[in-house]
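What follows is the residue order along each chain.
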Amino acid sequence: MHAAPSEIRPLRVGIAGLGTVGAAVAGILKRQENALAARCGRPIRVTAVSARDRNRDRGIDLSGFAWFDDPVALASSGEIDCLVELIGGSDGPAKQAVEAALSAGKHVVTANKALLAAHGVALAELAESTGAALAFEASSAGGIPVVKTLREALTGNNVSRLYGILNGTCNYILSRMELEGLTFEACLKDAQRLGYAEADPTFDVEGFDTAHKLAILTSLAFGTRIDAEAIHVEGISSITPLDLKMADELGYRIKLLGVAERTKTGIEQRVHPTMVPKSSAIAQVMGVTNAVTIDADAVREITLVGPGAGGGPTASAVIADIADVARGAAGHPFGMPVARLEQPARAPMQRHEGGYYIRLAVADRPGAAAAIATRMAEADISLESIVQHRSEIAAQRDPGGRSGAPVPVVLITYATSEQAIRGALEKVSADGHIAEAPQVIRIERE
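Anyway, here's the lowdown on the structure attached to this text. Here the residue numbering is sequential within each chain, running from 1 through the sequence in written order. In keeping with the model being predicted, local features are shown solely for residues with a pLDDT of at least 70 and side-chain atom pairs are shown and tallied solely at 80 or more, while totals for entire chains, interfaces and linings include all residues. The side-chain values count all of the structure's non-hydrogen atoms but skip hydrogen atoms and water molecules.

Attention now moves to the overall build of the protein. A run of DSSP states H or I qualifies as a helix once it reaches four residues; a run of E qualifies as a strand once it reaches two. Both are numbered from the N-terminal end. Across its full length, the protein carries 16 helices and 17 strands. This radius of gyration counts C-alpha atoms alone. The globule rule is 2.2 Å times how many residues there are, raised to the power 0.38. Taking 446 residues into account, the globule formula puts the C-alpha radius of gyration at 22 Å, and the protein, at 25 Å, falls close to it. Over its C-alpha atoms, taken along the principal directions, the protein stretches across nearly 85 × 45 × 35 Å. Throughout this description, buried means an accessible area under 20% of the type-specific maximum (1.4 Å probe, protein chains only), exposed means over 50%, and partly exposed covers the range between. Counting over 446 residues, the protein shows a buried share of 54%. The contact criterion used throughout is that any non-hydrogen atoms of two residues lie within 4.5 Å. Residue pairs in contact within the protein that sit at least 24 positions apart in sequence constitute 76% of those at least 6 positions apart.

Right under this line is the structure:
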């Protein structure tokens with residue numbers, strides 16, 4: 001006879017970090033205790049916790065848990081079998097606690113994308129050496145099970161490209177800007193008021209959060225060692241209502257995408273505002289929602305959409321990993337032994353090829369637009385279209401209607417290289433035909 005789950009030794013969980021996600025994890029584990037025991041074949045119980053403020057009201061009863069002021073002491077404690085690290089940060093207490101747990105042969109579940117982007121391979125090696133699990137579903141897209149999809153569900157596929165909306169703050173801001181014609185600054189202020197953006201939003205809006213997540217997903221998609229330093233990163237702070245209006249007229253939406261793609265020169269990793277066709281699945285994703293599209297040979301294309309942040313969705317992903325640990329089903333962190341992960345060849349951003357949207361503030365004088373078109377032709381850049389609105393759009397830039405004010409001119413190119421675009425625009429700037437730095441947004445094919 002098989003023993004009942006209640007008669008089997010429980011998986012003892014210690015939670016380091018009792019913020020929104022940590023408190024949600026503790027609450028769900030308690031609420032779903034019986035169901036999880038039945039599904040996993042053994043009970044799962046929180047036995048110890050660590051946080052900075054012992055007296056803060058988190059809406060959960062902490063009286064039954066051992067309390068540790070030091071997360072490293074929690075990680076090393078005999079009170080737990082599995083450390084759930086929700087402290088955050090690439091170094092400091094988070095790294096020290098995870099290393100302590102893995103060194104002691106204790107399993108680790110984490111939502112810490114910064115830690116994994118910086119030290120994921122070394123931590124996976126440590127986990128392998130002690131036979132511990134290192135699980136991180138919650139690190140890359142909140143409640144979307146993209147890590148399991150890449151590591152397990154698509155094992156029989158050869159992935160050629162992965163791209164997605166991996167930051168809800170940026171997607172919320174761009175959605176509001178598009179739908180309501182608001183400025184970046186106005187939407188950011190509202191996002192901060194609603195709790196979607198931090199007081200210092202730099203990490204989100206300048207693309208660094210997306211880059212950390214992309215580094216992890218790239219490793220899983222292509223079987224490579226994490227190479228976060230190879231990622232080209234741009235944020236959304238330069239996007240204007242005019243860019244969104246022009247995108248709409250041209251049949252596109254602007255999204256901050258993280259893109260990883262296998263090219264002839266290596267693995268290309270980039271984060272930047274991107275024009276995507278309105279007909280694409282990713283273009284329909286608005287607000288704080290995240291989405292990831294995976295192009296692979298067998299399934300061809302699959303898109304996962306869902307909440308990318310927040311206590312409940314992130315806790316859901318954390319608990320899925322804890323359940324795997326309880327079942328003994330947590331495999332290699334990156335889908336294969338670390339020794340078999342390849343060192344990726346970096347594809348330089350200068351060699352990126354694709355279509356481009358270029359907005360120029362062109363001096364309103366005869367011959368200026370023709371001179372710009374000539375510079376593009378000299379660089380072998382073919383133009384799909386040139387859009388110049390002297391009325392409505394020009395009025396947005398110059399409400400006073402002054403004669404001679406710069407006129408917005410938008411160029412849409414056919415596929416060309418980043419190097420050609422940058423070289424041509426340097427010459428256009430040197431010619432003195434434009435009044436400000438060009439706006440360049442890449443166009444992503446479906």
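The discussion continues.
Quick look at the environment of Glu342 now. By secondary structure assignment, the location of Glu342 is in the loop between helix 13 (311-327) and strand 13 (353-362). When the C-alpha positions of Glu342 and Gly223 are compared, they lie 6.4 Å apart, and in sequence the two are 119 residues distant. Not counting the four nearest positions on each side in its chain, Glu342 is found in contact with Gly223, Thr224 and Arg225.

A fitted line through C-alpha atoms represents every axis, and for helices the fit uses only the stretch in contact; the resulting angles, taken between N-to-C directions, go from 0 to 180 degrees. Orientation of helix 8 (residues 168-180) relative to helix 9 (residues 184-193), taken along the N-to-C sense of each, is 130°, at an axis distance of 9 Å. In terms of their interaxial angle, helix 8 and helix 9 are classed as oblique. For the crossing formed where helix 8 meets helix 9, the hand is right-handed. On helix 9, the residues that touch Tyr172, Ile173, Arg176 and Met177 of helix 8 are Phe184, Cys187, Leu188, Asp190 and Ala191. Under the scheme applied here, ten amino acids are nonpolar (Ala, Val, Leu, Ile, Met, Phe, Trp, Tyr, Cys and Pro), four are charged (Asp, Glu, Lys and Arg), and all others, including Gly, are polar. Grouping the amino acids of the contact of helix 8 with helix 9 by side-chain chemistry returns 7 nonpolar, no polar and 2 charged. By definition in this entry, angles of less than 35 degrees are roughly parallel, angles greater than 145 are roughly antiparallel, angles of 65 to 115 are roughly perpendicular, and the rest are oblique. When the near helix sits turned anticlockwise from the far one by under a right angle, the crossing is termed left-handed; a clockwise turn instead gives a right-handed crossing.

Moving on to the sheet that holds strand 2 (residues 44-50). Note: two strands are recorded as paired if DSSP finds a minimum of 2 bridges between them. Across the sheet, 6 strands lie side by side as 3-2-1-4-5-6; this open sheet has parallel pairing. Because the sheet does not close on itself, it has two edges, and the strands there are strand 3 (66-68) and strand 6 (134-135). In terms of strand pairing, strand 2 meets strand 3 through 3 bridges, oriented parallel. Within the sheet, the bridge partner assigned to Ala48 lies in strand 3 and is Ala66. Each of strand 4 (82-85) and strand 5 (107-110) touches helix 4 (residues 92-103); the most contacted strand, strand 4, lies at about 165° to it.

A few words on helix 7 (residues 146-153). Of all 8 residues in helix 7, 6 are buried; the element is thus mostly enclosed. Regarding helix 7, the residues found buried are Val146, Val147, Lys148, Thr149, Leu150 and Arg151.

Moving on to the environment of Cys187. Topologically, Cys187 is positioned in helix 9. Separated by 233 residues in the primary sequence, Cys187 and Ala420 have C-alpha atoms spaced 34 Å apart. Excluding residues that lie within four positions of it along the chain, Cys187 makes contacts with Tyr172, Ile173, Arg176, Met177 and Leu182.

What follows is about the packing of helix 5 (residues 113-130) against helix 11 (residues 208-222). Direction vectors running N to C along helix 5 and helix 11 enclose 50°, while the axes themselves pass 8 Å from each other. By the angle between their directions, the pair helix 5 and helix 11 is classed as oblique. The handedness of the crossing between helix 5 and helix 11 is left-handed. Note on element contacts: helix 11 touches helix 5 through Asp209, His212, Lys213, Ala215 and Ile216, opposite Lys113, Ala114, Leu116 and Ala117.

On the secondary structure map, Asn112 appears in the loop between strand 5 and helix 5. Polar contact is the term for a pair of N or O atoms within 3.5 Å; when the atoms are in protein, one must be able to donate a hydrogen and the other to accept it, and sequence-neighboring residues count only if both atoms are side-chain atoms. A polar atom in the side chain of Asn112 sits 2.8 Å from the backbone oxygen of Gly89. For Asn112, the residues in contact, after removing those within four places along its chain, are Glu85, Gly88, Gly89, Ala94 and Ser139.

Put simply, a salt bridge is a Lys or Arg side-chain nitrogen that is within 4 Å of an Asp or Glu carboxyl oxygen. Scanning the entire structure with this criterion turns up 29 salt bridges. In this structure, Glu178 engages Arg253 in a salt bridge whose closest nitrogen and oxygen atoms are separated by 2.8 Å. You can see Glu178 sitting in helix 8 and its partner Arg253 sitting in strand 9 (residues 252-263), a full 75 residues away along the chain. Taking the relative accessible area as the measure of exposure, Glu178 reaches 22% and is therefore partly exposed.

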